[in-house]
Amino acid sequence: MSTQEIPEENLPAGQDTAHGAVKVADDPFADPGLPPHKPRIQDIDERAARRSERAVAFMFVLSMLATVGFIASYVIFPVDKIVYIWPFGRVSALNFALGWTLGLALFFIGAGAVHWARTLMSDVEVADERHPMEASPEVKAKVMADFAAGAAESGFGRRKLIRNTMFGALALVPLSGVMLLRDMGPLPEKKLRTTKWARGKQLINMNTHEPLRPEDVAVGSLTFAMPEGMSEHDHDFQVEIAKAALMIVRIQPEDIKDKRELEWSHEGVVAFSKICTHVGCPISLYEQQTHHVLCPCHQSTFDLSDGARVIFGPAGHALPQLRIGVNDKGFLEALGDFDEPVGPAFWERG
Ligand code: FES
């Protein structure tokens, strides 16, 4: 027989402790039973119950307000707004607001549910014996009866304020997920069809950052240009140059086979998009004898003396040409934007 000190109140019924002696339990694992149930203040005082009810509803309302704040944050804060917030340092205002509002919306739903369960739902502990996995019809009937009793005790039907505000909070929280769809990016609208080129914009040499004159473009050379007004320090420079990048060559006018190309050129200086119409690589190889340019990615080859039509490779159509002229200061300028989308051919289908 083993010996063990057991507090008197935990001993099975019928076992006594001798004065100051160690009581030896016959069954040290006997079920001590449940302590007597102590009613809470809300169980005996209806005014306390009402206070708890209002507290739970208040938390659900706070959750709703936080969700509204989440949605408002999307509208109020620009994506690139950075703010200093102690102790976090420099953070994105939008992300900070979204994180806090969504966190608070979820927290107050959880806090409201916990407070409801702790103060208003029944806290009577019930012990149930283990039973076979397959429940008998009597047990099933008992479960259903317990469920119905639990539902009644929770006050779900009776406490309409809690029920309705909880439904409101749960209904609003999914809106946060809908708003996150905005992170898939803004609609492109006409951005893929237009570039920074416009009538009167001078052609700027991308190496020297100086405006180009026709005499700067030598026969046989390949010059890259961007529109006047663009700067490599612009936040959207990479996005815009990916559409506006231009390559300029000089071809003897009598060697230009395409009539429109000749009209859109100036004294043999022609300007074409540098972006390959296959999948958008920048073209960089020029063969001056044949006037062919080669895309290094998949070897699409374009004839710049014949409207930049494709003579080899997977590209689907000719490189867009930019119509150019000379302004009264003698600099090359655009006479408009490209008349078709630059880059991969599938954009033409839109
Ligand atoms: S991207 Fe130019 S050939 Fe494929």
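Residues numbered from 1 in each chain as written. Predicted model: local features only at pLDDT ≥ 70, side-chain atom pairs only at ≥ 80, totals over all residues.

Looking now at the overall build of the protein chain. A count of helical and extended segments in the protein chain gives seven helices and 13 strands. Viewed in the frame of its principal axes, the protein chain has a C-alpha envelope of about 120 × 50 × 45 Å. Among the 350 residues that make up the protein chain, the fraction classed as buried is 24%. If you take every contact in the protein chain between residues at least 6 apart in sequence, the share linking residues at least 24 apart comes to 57%. (Helix = DSSP H or I, 4+ residues; strand = E, 2+ residues; numbered from the N terminus. Buried ≥ 20, exposed ≤ 12 C-beta atoms within 10 Å, placed from the backbone. Contact = placed C-beta atoms within 7 Å.)

Counting 38 residues, the largest nonpolar core has Leu203, Leu246, Ile248, Ala271, Leu304 and Ile324 as the members making the most contacts within it. For this core, the secondary structure elements donating two or more residues are β3 (203-205), β4 (223-227), α6 (237-244), β5 (246-250), β6 (269-273) and β13 (332-334). When neighbours within four sequence positions are excluded, Leu304 is seen to be in contact with Val249, Ile251, Val270, Phe272, His291 and Val293. Formed by 18 residues, the second largest nonpolar core is a distinct cluster that contains Phe60, Ala97, Met166 and Ala169. (Core = buried A, V, L, I, M, F, W, Y, C linked by C-beta atoms within 7 Å.)

Okay, the domain arrangement of the protein chain next. Split by domain assignment, the protein chain resolves into domain 1 (1-33), domain 2 (45-127 + 134-184) and domain 3 (203-232 + 242-349). Of note, the centres of domain 2 and domain 3, computed from C-alpha atoms alone, are 60 Å apart. (Domains from an automatic or database assignment.)

Looking now at the sheet that holds β3. If you walk across this open sheet you meet the five strands as β3-β4-β5-β6-β11, and the pairing is antiparallel. Two strands lie at the open edges of the sheet, namely β3 and β11 (321-322), each paired on one side alone. Taken together, the five bridges between β5 and β6 define a ladder with antiparallel strand orientation. Each residue of the ladder has a partner; that of Leu246, found in β6, is Ser273. (Pairing = 2+ DSSP bridges.)

By the secondary structure assignment, Leu172 is in helix α5 (residues 160-180). What makes Leu172 buried here is the crowd of 20 C-beta atoms within 10 Å. Along the chain, Leu172 and Val68 lie 104 residues apart, while their C-alpha atoms are 8.1 Å from each other. Setting aside chain neighbours within four positions, we find Leu172 in contact with Met64 and Thr67.

Those residues of α6 that sit buried are Ile241, Lys243 and Ala244. Burial along α6 is one-sided: seen end-on, the buried residues are contained in an arc of 160°. Facing away from the buried side of α6 by over 90 degrees, the exposed positions are Gln238 and Val239. Turning to α6, the residues buried within the fold contact β4 and β5. (Arc of directions from axis to C-beta.)

Right, let's get into the packing of helix α3 (residues 93-119) against α5. For the pair α3 and α5, the least separation of the axes is 10 Å and the interaxial angle reads 155°. In terms of their interaxial angle, α3 and α5 are classed as roughly antiparallel. Judged by the twist between their axes, the crossing of α3 over α5 is left-handed. Together, Leu102, Ala105, Leu106, Ile109, Gly112 and Trp116 of α3 and Ile162, Met166, Ala169, Leu170, Val173 and Ser176 of α5 make up the contact between the two elements. Tallied by class, the residues present in the contact of α3 with α5 amount to ten nonpolar, two polar and no charged. (Axes fitted to C-alpha atoms, helices over the stretch in contact; angles between N-to-C directions. Parallel < 35°, antiparallel > 145°, perpendicular 65-115°, else oblique. Left-handed = near helix turned anticlockwise from the far one by under 90°. Nonpolar A, V, L, I, M, F, W, Y, C, P; charged D, E, K, R; others polar.)

With that settled, consider the UniProt feature "transmembrane region" (unreviewed entry) in the protein chain. Here, UniProt's "transmembrane region" (unreviewed entry) annotation points to residues 55-77, 97-117 and 161-181. As a span, residues 97-117 carries 100% helix and 0% strand, and end to end its C-alpha atoms are 30 Å apart. Span residues 161-181 is 95% helix and 0% strand, its end C-alpha atoms 32 Å apart. (UniProt positions renumbered as here; feature names shortened; annotations may be inferred.)

On to the environment of Ser265, then. Residue placement: Ser265 occurs in the loop between α7 (259-263) and β6. For Ser265, the residues in contact, after removing those within four places along its chain, are Ile256, Val270 and Ile324.

What follows is about the packing of helix α2 (residues 46-76) against α3. For the pair α2 and α3, interaxial distance at closest approach is 8 Å and the crossing angle is 165°. In this view, α2 runs roughly antiparallel relative to α3, as classed from their interaxial angle. Crossing hand, α2 versus α3: left-handed. Taken together, the residues that form the contact of α2 with α3 break down as 17 nonpolar, nine polar and no charged.

Summing up the model confidence of the protein chain, the mean pLDDT is 88 and the portion of residues at 70 or higher is 91%. Mean pLDDT values for the elements of the protein chain range from 88 in strand β2 (residues 89-92) up to 97 in β13. Every residue in residues 1-6 is under pLDDT 50, and counting partners more than four places away or in other chains gives ten contacts. (pLDDT = per-residue confidence, 0-100.)

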